[in-house]
Amino acid sequence: MSLTLTVDGDRWRTHLCTVAEANPGLVPVTKGNGYGFTLGRLARKAQWLGVDTIAVGTYDELPHVATRFAGSLLVLTPWRPFGAAVELDPALAGRVIHTVGRTCDLDDLLRRRPDARFVLERITSMKRHGLSARDLWSAATTLAAHPKARLEGIALHLPLAQGSHLSEVSRLLNDVVAAELTTRTIWVSHLTPDELGSLRSSYADYAIRPRIGTDLWLGDRDALRVTATVLDVHPLERGDAFGYRGRTAPKSGHLLVVSGGTSHGIGLEAPMGDSSMKARAATLARGGLDAVGFVRSPFSIDGKQRLFAEPPHMQASMLFLPDGPRVPEIGEQLDVRVRYTATAFDRVIVT
Ligand SMILES: *Cc1c(COP(=O)(O)O)cnc(C)c1O
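Please read all numbers here as calculations on a predicted model, not as lab measurements.

Turning to the domain arrangement of the protein, a few remarks are in order. Domain boundaries assigned for the protein yield domain 1 (8–219) and domain 2 (222–350). In this assembly, 11 residues from domain 1 lie in contact with 10 residues from domain 2. For the pairing of domain 1 and domain 2, the buried interface totals around 960 Å² over both sides, and the portion due to carbon and sulfur atoms is 64%. Inspection of the domain 1/domain 2 interface yields 1 salt bridge. The partner of Arg11 in a salt bridge is Asp222, and the shortest N-O contact between them spans 3.9 Å. The leading source of residues in the side of domain 1 that touches domain 2 is helix H1 (residues 9–22), at 4 residues.

Rendered as structure tokens:
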């Protein structure tokens, strides 16, 4: 009935422990759809792992994790003097670490809460949010006037690795050192284990805290299996009409109705497939089914990705299986290829 994520519990937990051991100061990132697992489950897992801090993406996500994880809660979206940031539950104020990315926000935050906990984000080549080198100087001046303020570190959000980040990180850290800020903690994102290693040796008096989501939760794909259920199977003759749009079958085969649709995040194009122009041209030349408008689905039968009969429905999808391969039975589970960060599973089963 469901689109299900089945997790090999032993294998997953072993992987989580391996990542935690390899990354002292690890800050697990729990945001969005909880990388497919849900935020609450990741918060409990982080508690089990024994880390002292987790990161959430937004202030609105705090209620999902705060009762399941007992430590500090870093919010990755920068604090602003409006919206969810200023509506923070006072009961959480002592546990929340804000991210500050503008000098005016630092003034404003400390005026509202002189003892606020926060990291100062230094802008990187990603150019998403953060302070310039000059802003760091000015922040140091502000902080000198706020003895109760709790600066928890400097945050760097780097682009996904294309070559080494190290020269950029060294440049940014030199700005931090030059600004004479009192902190000795650097929160980093998207550094490789090697880069983290050399950073730790070059800046031995700094604590480096890697913020990791994907490589932690989704780093061992073989621990994860995504399945849909075959809900119905109908034989089709060439020319038979089916679906919302009254489309007709280009040849005889079967129509399969399977669980999983747009509400789960099942899209029209299967992610990460071999959809190169060359592959497409080859199928067209053979007069394959995608030449008549059928699109490859993320659902596979006996190891082969099958075609959508029409665009996915809200909670189910229709597949067209031409005569030839084995026809699955109602109730059978099919493997599904998904983007975990964009999929809402009906069930997550940890064995
Ligand atoms: C999402 C996010 C991360 C975690 O990214 P992954 O690629 O999932 O490890 C780290 N830092 C920041 C600022 C983020 O927004």
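What follows picks up the thread again.
So, on to the site of the ligand. The full set of residues close to the ligand is Val29, Lys31, Tyr35, Leu76, Arg128, His157, Ser189, His190, Arg211, Ile212, Gly213 and Thr214. Within the side chain of Arg128, a nitrogen or oxygen atom sits 3.3 Å from an oxygen atom of the ligand. Each residue belonging to the shell around the ligand can be placed in one class, and the counts come to 4 nonpolar, 5 polar and 3 charged.

All right, on to the pattern of salt bridges then. Following the criterion strictly, the structure yields 15 salt bridges and no others. One salt bridge in this structure joins Arg13 and Asp10, with 3.1 Å as the shortest N-O distance. Separated by 3 residues within a single helix, Arg13 and Asp10 lie in helix H1, roughly one turn from each other. Judged by its relative accessible area of 23%, Arg13 is partly exposed. For Asp10, a relative accessible area of 55% corresponds to the exposed category. Ionic pairing is found between Arg113 and Asp115, a salt bridge with its closest N-O pair at 3.3 Å.

Let us look at the packing of H1 against helix H2 (residues 39–49). At their nearest, the axes of H1 and H2 sit 11 Å apart, and the two run at 60° to each other. Taken as axis vectors, H1 and H2 run oblique relative to one another. The chirality of how H1 crosses H2 is right-handed. Residues Trp12, Arg13, Leu16, Cys17 and Ala20 of H1 touch H2, and the partners they reach there are Leu42, Lys45, Trp48 and Leu49. Here the residues of the contact of H1 with H2 are counted per class, giving 7 nonpolar, no polar and 2 charged.

Scoring rules and cut-offs
- Residues numbered from 1 in each chain as written.
- Predicted model: local features only at pLDDT ≥ 70, side-chain atom pairs only at ≥ 80, totals over all residues.
- Heavy atoms only, no water.
- Domains from an automatic or database assignment.
- Contact = heavy atoms within 4.5 Å.
- Buried area = accessible area lost by both parts, 1.4 Å probe.
- Salt bridge = Lys/Arg side-chain N within 4 Å of Asp/Glu carboxyl O.
- Helix = DSSP H or I, 4+ residues; strand = E, 2+ residues; numbered from the N terminus.
- Near = heavy atom within 4 Å.
- Polar contact = N/O pair within 3.5 Å; in protein donor to acceptor, adjacent residues only side chain to side chain.
- Nonpolar A, V, L, I, M, F, W, Y, C, P; charged D, E, K, R; others polar.
- Buried < 20%, exposed > 50% of the residue type's maximum accessible area, 1.4 Å probe, protein only.
- Axes fitted to C-alpha atoms, helices over the stretch in contact; angles between N-to-C directions.
- Parallel < 35°, antiparallel > 145°, perpendicular 65-115°, else oblique.
- Left-handed = near helix turned anticlockwise from the far one by under 90°.

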